[in-house]
Amino acid sequence: MDKKRVFSGIQPTGNTHLGNYLGAIKNWVAKQEEKENFFCVVDLHSLTVPQDPAQLRYETRSMAAILLAAGLDPEKCTIFIQSHVTAHAEGCWLLNCITPLGWLQRMTQYKDKSAKQESVLTGLLDYPVLMAGDIIFYDAHEVPVGEDQKQHVELARDIAQRFNSLYEQEFFVIPEPVIPEVGARVMGLDDPTNKMSKSLADKRGHAVRILDEPKEILRSFKRAVTDSGNEIVFSDDPEKAGVNNLLGIYKATTGKSEADVLADFADARGYGDLKKGVAEVVIEMLTPIRERYEYLMQDPAELDRLLAVGAEQARSVSQPKVDEMKQIMGLVLPG
Ligand code: ATP
Ligand code: LTN
């Protein structure tokens, strides 16, 4: 096995959607044999916006079940819950104390999200530091994420470099974002100029959720916003963003080339046929995942057992790293 480490995370905020699957989870599953992989359900990140405790508890197990149902294999990778490994929160404080505030205020996701809220929590601003710790406490070389997370991984690089230079040693590995060529930015079906998002996925017609029934998936695609023309082409023209998004979803789902995708729709009689064709391949991809998910959720004790094993493996890597960091920074470790 290539000794390089991979780390990625996903929030247990429910409404896991096609963008999360094509932009992240699918690629984690595809590459799990190649390197040493850590996949984390980042419940601490979810607390950056208010959560109902019972709901968060449910969604955290549910997210873990989705990852397993999608094909992550605990024999080949480590799957765990962020809050089960205390090194993340502990080390985040240490990183906070070397991270300039201006770096966080510049993050575009912070600017977007805080503009939409009346009362912004400190955690929302600090979130990229927690994320940086997730990555660098594992000495991860690669971070497979969707396009929207690229800036946060770049910040993780900056924080790692700053620590290394402040303490004059190559202590942290400098991580690289790994963004898929297709599926990195799935757009909302109701508004193809904005990314498909969990926070909007309750809105009818916005997202296809991984756990949606086939009927609902078909309904969402049928309702997708397109344009007044009838040309089925890949295009950068903002007018054709809807059709481009549908073709992109088809391409990422089937793994076909653009020419083969267009050939599949050469006989289409308008956008109705395009929407139906995309819905069909997405339903075929998601149905086995939903079925496995339902099976796994019947046995929460087994899920918890697997997650406890994952937490132990994760702890054995990140806690010594955070302990060493404390030592380097001048903290005295207990006895
Ligand atoms: P929100 O939009 O509410 O912040 P989210 O949909 O981005 O949430 P996350 O848990 O933050 O969900 O993201 C998990 C992974 O899915 C990340 O790697 C992220 O880059 C990826 N991802 C999220 N949305 C999309 C999208 N529309 N297209 C492709 N990848 C996406
Ligand atoms: N912030 C990410 C989730 C996340 C993550 C990570 C991704 C938390 N920690 C570490 C990659 C590596 C998000 O909201 N999508």
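Scoring rules and cut-offs
- Residues numbered from 1 in each chain as written.
- Chains lettered and ligands numbered in written order.
- Predicted model: local features only at pLDDT ≥ 70, side-chain atom pairs only at ≥ 80, totals over all residues.
- Heavy atoms only, no water.
- Phe/Tyr/Trp six-rings, centres within 6.5 Å; stacked < 30°, edge-to-face > 60°.
- Buried < 20%, exposed > 50% of the residue type's maximum accessible area, 1.4 Å probe, protein only.
- Lys NZ or Arg CZ within 6 Å of the ring centre and 35° of its normal.
- Helix = DSSP H or I, 4+ residues; strand = E, 2+ residues; numbered from the N terminus.
- Near = heavy atom within 4 Å.
- Polar contact = N/O pair within 3.5 Å; in protein donor to acceptor, adjacent residues only side chain to side chain.
- Areas by Shrake-Rupley, 256 points an atom, 1.4 Å probe, with all protein chains shown as cover.
- Nonpolar A, V, L, I, M, F, W, Y, C, P; charged D, E, K, R; others polar.
- Arc of directions from axis to C-beta.
- Contact = heavy atoms within 4.5 Å.
- Core = buried A, V, L, I, M, F, W, Y, C linked by side-chain atoms within 4.5 Å.

Participant: Before we move on, can you summarise the packing of aromatic side chains with the specific residues and values?
Facilitator: Scanning the model with the defined rule gives 11 aromatic pairs in all. Ring geometry for Phe163 against Phe172: centres 5.0 Å apart, planes inclined by 65°, an arrangement best described as edge-to-face. With respect to burial, Phe163 and Phe172 carry one shared label: buried. A centroid spacing of 4.8 Å and a plane angle of 65° characterise the contact between Phe171 and Phe172, whose relative ring orientation is edge-to-face. Judged by its relative accessible area of 7%, Phe171 is buried. The class for Phe172 is buried, based on a relative accessible area of 3%. An aromatic cluster of three or more residues is present, and its members are Phe137, Phe163, Tyr167, Phe171 and Phe172. Over the aromatic face of Phe171 sits the side chain of Lys321, whose NZ or CZ is 3.9 Å from the ring centroid.

Participant: Summarise the environment of Trp93; cite the residues concerned and give the values.
Facilitator: Relative to the helices and strands, Trp93 is located in helix H4 (residues 87–96). Spatially, the C-alpha atom of Trp93 lies 9.5 Å from that of Gly133, the residues being 40 residues apart in sequence.

Participant: Provide a residue-level description of the site of ligand 2, including the pertinent values.
Facilitator: Close to ligand 2 lie 13 residues; Gln11, Tyr127, Met131, Asp134 and Gln149 are nearest. One of the side-chain nitrogen or oxygen atoms of Asp134 is found 2.6 Å away from a nitrogen atom of ligand 2. Contacts to ligand 2 include Gln149, whose side-chain N or O atom sits 3.2 Å from a nitrogen atom. Protein burial of ligand 2: of its 360 Å² of free accessible surface, 91% is covered by the chains. Grouping the amino acids of the shell around ligand 2 by side-chain chemistry returns seven nonpolar, five polar and one charged.

Participant: Tell me about helix H6 (residues 108–115), and please be specific about residues and values.
Facilitator: All of the buried residues in H6 are Gln109, Tyr110 and Ser114. Buried residues in H6, looked at end-on, bunch into an arc of 115°, giving them a common side. Elements in contact with the buried residues of H6: helix H5 (101–105), helix H7 (122–136) and helix H8 (150–166).

Participant: So, the nonpolar core: which residues are in play, and what are the values?
Facilitator: Counting residues in hydrophobic clusters, the biggest one holds 55 residues, and the most contacted among them are Leu18, Ile25, Phe221 and Val282. Here this core gets 11 residues from one element, more than from any other, and that element is helix H12 (residues 271–296). The residues touching Leu18, leaving out its near neighbours within four places in the chain, are Gly23, Val186, Met196, Val208, Phe221, Ile249, Val282, Met285 and Leu286. Residues Val42, Trp103, Ala132 and Ile159 belong to the second largest nonpolar core, which totals 41 residues.

Participant: Give a detailed account of the site of ligand 1, specifying residues and quantitative values.
Facilitator: Lys113, Asp148, Lys195, Ser197 and Ser199 are the nearest of the 21 residues found near ligand 1. In this structure, Lys113 approaches ligand 1 through a side-chain N or O atom, which is 2.7 Å from an oxygen atom. Lys198 has a polar side-chain atom sitting 2.7 Å from an oxygen atom of ligand 1. Burial of ligand 1 by the protein amounts to 96% of the accessible area it has alone, namely 600 Å². Sort the elements by how many residues they give to the shell around ligand 1 and helix H1 (residues 18–31) lands first, with four residues. Classifying every residue of the shell around ligand 1 gives six nonpolar, 10 polar and five charged.

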